[in-house]
Amino acid sequence: MGGSDSEAEKSALKEKKKLQALSPISKPLASKKLSKRTLKLVRKAAEHKCLKRGVKEVVKSIRRGNKGVCVIAGNITPIDVITHVPILCEEAEIPYVYVTSKEDLANASATKRPTCCVLVLPKPVKGELAEEEEQKLKTEYDQVATEVTSLAASMF
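This is a predicted model, so every value here is computed, not measured. (Residues numbered from 1 in each chain as written. Predicted model: local features only at pLDDT ≥ 70, side-chain atom pairs only at ≥ 80, totals over all residues. Heavy atoms only, no water.)

Novice: I tried to follow the packing of aromatic side chains on my own but got confused; where do I start?
Specialist: For any two aromatic rings, the description comes down to two numbers: the centre-to-centre distance and the angle of the planes. One pass over the full model with this rule turns up 1 aromatic pair. Where Tyr96 meets Tyr98, the ring centres are 6.3 Å apart and the plane angle is 80°; that geometry is what we call edge-to-face. Each member of the pair Tyr96 and Tyr98 is classed as buried. (Phe/Tyr/Trp six-rings, centres within 6.5 Å; stacked < 30°, edge-to-face > 60°. Buried < 20%, exposed > 50% of the residue type's maximum accessible area, 1.4 Å probe, protein only.)

Spelled out as structure tokens, the structure:
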């Protein structure tokens, strides 16, 4: 039993460190539950090629008029790398949310490198998905999009 206590303490300490590393502009920050659901959506979107990774790709996609949910890592340094992304999202009326760590975001988006931000698209840019898969992705996407939108609305 002593081992499980130390494991719990380690995970609590890890969580605390993640929160301390957050940048001051990382608002709206996803709760633990929303963060888990958002990362799950990112994982599914990566499997179905409905994801744009990295600041450059995300900005290009937003400027081209693609809609989706933008997920931004909160522990980015220097902060100047991502400060323009929320503004672009607001102008394009794209819901965005911050998650605690870039490492978690990278794991969810199926890359080894830490990722600053990703844009989850409602459907793949190229090709088609099976009807059932598309429906599953769409319902999960809609659920996360509504939660993120309501979280942002509660801030202002």
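Next, the rest of the story.
Novice: Mind showing me how you'd approach the packing of helix α3 (residues 54-63) against helix α4 (residues 84-91) here?
Specialist: Orientation of α3 relative to α4, taken along the N-to-C sense of each, is 20°, at an axis distance of 10 Å. Judged by the inter-axis angle, α3 sits roughly parallel to α4. When you trace α3 past α4, the crossing you get is left-handed. Facing Val55, Val58, Val59, Ile62 and Arg63 of α3, the residues of α4 in contact are His84, Val85, Leu88 and Cys89. Its residues assigned to classes, the contact of α3 with α4 shows 7 nonpolar, 1 polar and 1 charged. (Axes fitted to C-alpha atoms, helices over the stretch in contact; angles between N-to-C directions. Helix = DSSP H or I, 4+ residues; strand = E, 2+ residues; numbered from the N terminus. Parallel < 35°, antiparallel > 145°, perpendicular 65-115°, else oblique. Left-handed = near helix turned anticlockwise from the far one by under 90°. Contact = heavy atoms within 4.5 Å. Nonpolar A, V, L, I, M, F, W, Y, C, P; charged D, E, K, R; others polar.)

Novice: I keep staring at the environment of Lys112 and nothing clicks. Help me out?
Specialist: Mapping Lys112 onto the fold places it in the loop between α5 (102-108) and β4 (117-120). The class of Lys112 is exposed, set by a relative accessible area of 86%. For the pair Lys112 and Ser35, spaced 77 residues apart in sequence, the C-alpha separation works out to 19 Å.

Novice: Honestly, unusual backbone geometry in this entry has me stumped. Any pointers?
Specialist: What you tend to see is this: most non-glycine residues have negative phi, and most peptide bonds are trans. Cis peptide bonds are those with omega within 30 degrees of zero, and the linkage from Lys27 to Pro28 qualifies with 5°. At the junction of Thr77 and Pro78, the peptide bond is cis and its omega measures out at -10° in the coordinates. A positive phi angle is found at Lys49, which is not glycine, with a value near 60°. In this fold, Lys49 is placed in the loop between α2 (32-47) and β1 (51-53).

Novice: Explain helix α6 (residues 131-155) here, please?
Specialist: Since the α-helix turns once every 3.6 residues, residues separated by three or four places project in the same direction. With 25 residues, α6 ought to run about 36 Å at 1.5 Å a step, and its terminal C-alpha atoms sit 36 Å apart, in line with that. For α6, the full list of buried residues reads Leu137, Glu140, Tyr141, Val144, Ala145 and Val148. Those residues of α6 hidden inside the fold are in contact with α2, β2 (69-73), β3 (96-99) and β4. (Expected span 1.5 Å × (residues − 1).)

Any functional reading would require information that these geometric values do not contain.
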